[in-house]
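# Structure assessment
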Amino acid sequence: MMQAFLAVFRRECLRIVRNRHLRLICLASPFLYGVMLASVYAHKRINAVPVGLVDMDNSALSREAARRVDATENVDILRSYDTPAQAQDAVIRGEVHGFLYVPKDFSRDIKRGGEARLRVAADYANVVVANPVLMAASDAANDLSGELFTGLAARRGLVRRRAEDLTQLVRADVRPIFNPQMNYLDFFVPGLIFAVLQQIIIVGLAFTVTEERQKGRGAELYELSGGRPAALLAAKAAPYLLLNFAFSLFFIYGLLPFFDLRPQAGPAAVLGLTLLFVACTTAFGLVVSSCFRRTTDAFLALMFFSMPAFLVSGFSWPSYAMPWFVRAVALPIPTTHFMAWFRMTLGAPLPPGAQLRPALILAALGAFYAFSAWLILRRLYRRAGLA
Amino acid sequence: MNKAARTAVREARRLIASRPLLFLLAAWPLFYGLFLGSIYSARVVTEMPAAVCDEDRTAMSRLALRYIDATRSIAVKYRAADAAQLQAYILSGKAETAIYIPRGFSSGIKRGKPGVITAYVNGANLLVANIALSELRTAAGTIAAGARVKFLRKTGSSGAKALAAYAPVKVDSFKLFNPGGNYLNYLLPGIWATILQQLLLAFGGLSLAGEKDEGTLGRARRVAGGPVALLAGKALPYAAFFMLVFAVFDLAIFPFFSIPRGGSALLLSGLNALFIYAALGAGFLISAASEEGMDALKGVLLIGAPALLLSGYIWPVSYMPWFVKPFALLIPLTHYLGALRTVTQYGAGITYILPQAAALLATGTLCFGAAWLKLRGRRA
């Protein structure tokens, strides 16, 4: 059994090194995609979003309001426009992503003890860019309101300190955990690199399996593995498992720390779960590979797998906001379970039991896929009259 | 002209004869259109599970929690007995938000001391965290406003005056071009266009390389008579079919998901045609440069896989590092999505999309030109 395993294992390792397609898929693309996709989010946060200003009031108070908006880290008031129509046109042209509109009589209304409206328009065609614009305007308006209210209350005889307390009488102290800086790199990149790795494992296996099939090497492999489907599968999968486990460790302990992302779980938990993820994905890849007869068909179909797999995983759009059938599609995909755990462990130390659930699911899925692959291979051998 | 037409007919027959390709062409766009659309069918995140721990247990703390529960996005699902249990809810992933109201919250407020509601938000998913952050601040602001109004009334302001003066500067926010701030309208057009680009690149990529695999490229060349007719004839069936696919998306799939489409239909068709031209051109260039089908598909995967992330549709190109930007600008999707958003969401006219249209035209022309050179060179 061991001899058969080693013979097929050695053959597969040589194939990875000698076959130019496998070389690119298995050796070059993890580096290329890992580094490139992480670099896209190197800026980490959307700040200093360019916005416009339409100041119809042109008073000291309106300038103060604009200054406070500009002072937030979220936006930069890039230029002034004479009318809202001009500002909206600038949004459409992509010069700015929103604008602040201070209506005429803004200052007069406040001085009269009335209510003044500060208007902010943000380009919600891109929600990621628009959110900081609204947040900046809201923060600046609250700030200014608080100060004006404090002045008014002080004039009515309230001690200034008490008046300040009154402006902040109930405060929401919101503490983002797992991603305290609320940055997009921490949010996206850990998931993206493992989604890419999953794709690389599946495509690599699909290529090697379908190419052997296409070139009619089934009998040769059967003999080499001593007629044992389990040995053949294990030996064929082992180089991919080891290689991609090594890439995973490079991502976790080499690439992510470069962007200040480090797992908070101990090495045993990280190594154990990562190995389970890679093993489960490899077994999944073996099953998927058996669906195709030609390498080009496998490639064509699988190039449409990674994006939907990422979208249904719940990594960006939460699972509870998806219809049940989409959630069901996500369940058999290994990244769904691994990425959710991995992202949390990057943000905070998790309790010991937190590893258990994803570990059990990945182990169960992996065992199921490995058994399915074995059944499929055995059936193929029987059909070919080999077993 | 006749030769190009003959090549087009031959290509259409090849396509019909190949079951996998035909399936990919006819079923894949529709399947992806409907399946990926359904992911975002909730449009906005609502009923985000929250856990609360109310150690104050007063009318005021219950009111605060009621305000939070009444927001559109947060639903109080779990009640924790203490802070430790609250932490367990969020670490186990059951709750996205954990809200803690300390003992003495209400009595402090009554004495005029600020009361703090501590909220732990799962920042690992920024999309959810941003919504929770905004909702929690609004809820706290509403409660604080009540106290300020009360003070102003006590000190002589009439009801209306007090309501105006508790927060003299109010913000009216306008969510331009996507008033509901919904993610379906925001993300889906980009995701669909990415899938369609991938298909265009794949069909372009396999058109010549597939013939090389089958050993029929020589025959195709003889039917066409020259590289121009070969390229034109091969591209024509795909271009025609994809114009139909884009029309199905515009006329059926967008309305099915109630995604509003502004702008001129004619302009949109023109833009779609330019995108098809550019993406097919890139596919044909990959195909002409490839030795076999697998090489072409690797090239397609290389461009297609990171296309959405590089396109600037989600993360703006201006925030990407300098060495990533050139790659982003080489991909047809980057220019198409910029123009698509301008036409369909902003409702803008042709003058606003001239740079993107020119980029698509240039990409297509350069790619087809390079493919022509490659084919001509091979014959020589």
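Quick notes on the rules
- Residues numbered from 1 in each chain as written.
- Chains lettered and ligands numbered in written order.
- Predicted model: local features only at pLDDT ≥ 70, side-chain atom pairs only at ≥ 80, totals over all residues.
- Helix = DSSP H or I, 4+ residues; strand = E, 2+ residues; numbered from the N terminus.
- Rg over C-alpha atoms; globule rule 2.2 N^0.38 Å.
- Buried ≥ 20, exposed ≤ 12 C-beta atoms within 10 Å, placed from the backbone.
- Contact = placed C-beta atoms within 7 Å.
- Axes fitted to C-alpha atoms, helices over the stretch in contact; angles between N-to-C directions.
- Parallel < 35°, antiparallel > 145°, perpendicular 65-115°, else oblique.
- Left-handed = near helix turned anticlockwise from the far one by under 90°.
- Nonpolar A, V, L, I, M, F, W, Y, C, P; charged D, E, K, R; others polar.
- Core = buried A, V, L, I, M, F, W, Y, C linked by C-beta atoms within 7 Å.
- Domains from an automatic or database assignment.
- Pairing = 2+ DSSP bridges.
- Expected span 1.5 Å × (residues − 1).
- Arc of directions from axis to C-beta.
- pLDDT = per-residue confidence, 0-100.
- Right-handed = clockwise from strand over helix to strand, strands pointing away.

Scanning chain A from N- to C-terminus turns up 16 helices and five strands. Relative to the compact-globule value of 21 Å for 387 residues, chain A shows a C-alpha radius of gyration of 29 Å, a clear excess of over 25%. Its C-alpha atoms give chain A principal-axis dimensions of roughly 95 × 45 × 40 Å. Relative to its full complement of 387 residues, chain A shows a buried share of 51%. The long-range fraction of contacts in chain A, counting pairs at least 24 apart against all pairs at least 6 apart in sequence, stands at 78%.

We now examine the overall build of chain B. What chain B contains, in helices and strands, is 17 helices and five strands. Projected onto its principal axes, the C-alpha coordinates of chain B cover approximately 95 × 45 × 40 Å. For chain B, buried positions account for 51% of its 380 residues. Look at the contacts in chain B between residues 6 or more apart in sequence, and 75% of them connect residues 24 or more apart.

Residues and elements named next belong to chain A. Between helix H3 (residues 60-71) and helix H6 (residues 127-155), the shortest axis-to-axis distance is 8 Å and the interhelical angle comes to 130°. The angle between H3 and H6 falls in the class oblique. Along this stretch, H3 crosses H6, giving a crossing that reads as right-handed. Between H3, through Glu64, Ala65, Arg68 and Val69, and H6, the contact on the second element is made entirely by Ala136, Ala137, Ala140, Asp143 and Leu144. Along the lines of polarity and charge, the residues of the contact of H3 with H6 split into six nonpolar, no polar and three charged.

Of all hydrophobic cores here, the largest spans 260 residues; its most connected members are Phe99(A), Leu100(A), Val133(A), Ala137(A), Ala206(A) and Phe284(B). Sort the elements by how many residues they give to this core and helix H8 (residues 184-214) of chain A lands first, with 19 residues.

With that settled, the discussion passes to the packing of helix H1 (residues 2-18) of chain A against helix H10 (residues 229-258) of chain A. All names here are of chain A. Across the interface, H1 lies against H10 with an axial gap of 8 Å and an inter-helix angle of 35°. Crossing geometry of H1 relative to H10 is assigned as right-handed. Contact residues: Ala4, Phe5, Val8, Phe9, Glu12, Cys13 and Ile16 in H1; Ala231, Leu232, Ala234, Ala235, Lys236, Ala238 and Pro239 in H10. Among the residues forming the contact of H1 with H10, the class breakdown is 12 nonpolar, no polar and two charged.

This part is about the interface of chain B and chain A. Contacts between chain B and chain A engage 93 residues on the former and 91 residues on the latter. The residue makeup of the side of chain B that touches chain A, split by class, is 63 nonpolar, 21 polar and nine charged.

A word on the environment of Val133(A). Residues and elements named next belong to chain A. If you trace the backbone, Val133 turns up in helix H6. Since 28 C-beta atoms lie within 10 Å of it, Val133 is described here as buried. For the pair Val133 and Asp123, spaced 10 residues apart in sequence, the C-alpha separation works out to 8.9 Å. Sequence-distant contacts of Val133, that is, excluding residues within four places in its chain, are made with Val49, Val51, Asn74, Val75, His97, Gly98, Val120 and Ala122.

The next subject is the environment of Arg62(B). Residues and elements named next belong to chain B. Along the polypeptide, Arg62 turns up in helix H4 (residues 59-69). Owing to 14 C-beta atoms within 10 Å, Arg62 belongs among the partly exposed residues under this scheme. As a C-alpha pair, Arg62 and Ile101 span 39 residues in sequence and 9.6 Å in three-dimensional space.

As a measure of interface size, the accessible area lost when the parts come together is often cited. Annotation of chain B at the domain level lists domain 1 (2-41 + 182-379) and domain 2 (48-165). One C-alpha centre belongs to domain 1 of chain B, the other to domain 2 of chain B; they are set 50 Å apart.

This paragraph deals with the domain arrangement of chain A. Split into domains, chain A comes out as domain 1 (2-42 + 182-383) and domain 2 (49-167). Taking only C-alpha atoms, the centre of domain 1 of chain A and the centre of domain 2 of chain A are 50 Å apart.

Residues and elements named next belong to chain A. Counting buried positions over the five residues of strand E3 (residues 98-102) gives five, a clear majority of the element. Two strands pair when backbone bridges link them, and strand E1 (residues 49-55) and E3 are joined in this way by four bridges, in the parallel orientation. Of the residues in E3, the one forming a bridge with Gly52 is Phe99. Relative to strand E4 (residues 116-123), E3 runs antiparallel, the two sharing four bridges. Across the sheet, Leu100 pairs through a bridge with Val120, a residue of E4.

This part takes up H3(A). Residues and elements named next belong to chain A. The terminal C-alpha atoms of H3, which comprises 12 residues, lie 16 Å apart, in line with the 16 Å expected from a rise of 1.5 Å per residue. Buried within H3 we find Leu61, Ser62, Ala65, Ala66, Arg68 and Val69. One side of H3 holds all its buried residues, which, seen down the axis, span an arc of 155°. Exposed residues on H3 whose side chains face more than 90 degrees from its buried face are Ala60 and Arg67.

Here we come to the environment of Pro190(A). Residues and elements named next belong to chain A. By secondary structure assignment, the location of Pro190 is in helix H8. The class for Pro190 is buried, based on 27 C-beta atoms found within 10 Å. Along the backbone, Pro190 and Ala38 are 152 residues apart, and their C-alpha atoms lie at a distance of 8.5 Å.

Attention now goes to the confidence of the model for chain B. Residue and element names in this part refer to chain B. The predicted model of chain B has a mean per-residue pLDDT of 87, with 95% of residues at 70 or higher. Ranking the helices and strands of chain B by mean pLDDT puts helix H12 (residues 265-289) first, with 96, and helix H8 (residues 159-165) last, with 62. Among the prediction metrics, the complex's ipTM stands at 0.83, with pTM recorded as 0.85.

This part takes up the pairing of E1(A). Residues and elements named next belong to chain A. Across the seven residues that make up E1, a large majority, six, are buried. Sheet topology places E1 next to strand E2 (residues 75-80); five bridges connect them, and they run parallel. In the strand pairing of E2, Gly52 is matched with Arg79. Handedness of the E1-H3-E2 crossover: right-handed.

For helix H12 (residues 295-302) of chain A, a buried count of seven out of eight residues is recorded, marking the element as mostly surrounded by other parts of the structure. The secondary structure elements touched by the buried residues of H12(A) are H8 and helix H11 (267-289) of chain A together with helix H2 (19-26), helix H9 (183-214) and helix H13 (293-304) of chain B.

The next subject is unusual backbone geometry. All names here are of chain A. A positive phi angle, near 70°, is found at Lys44, a position not held by glycine. Inspection of the secondary structure assignment puts Lys44 in the loop between helix H2 (20-40) and E1. A tally of 17 C-beta atoms within 10 Å means that Lys44 is categorised as partly exposed. The backbone of Asp105 shows a phi angle near 70°, a positive value even though the residue is not glycine. In this fold, Asp105 is placed in the loop between E3 and helix H5 (106-111).

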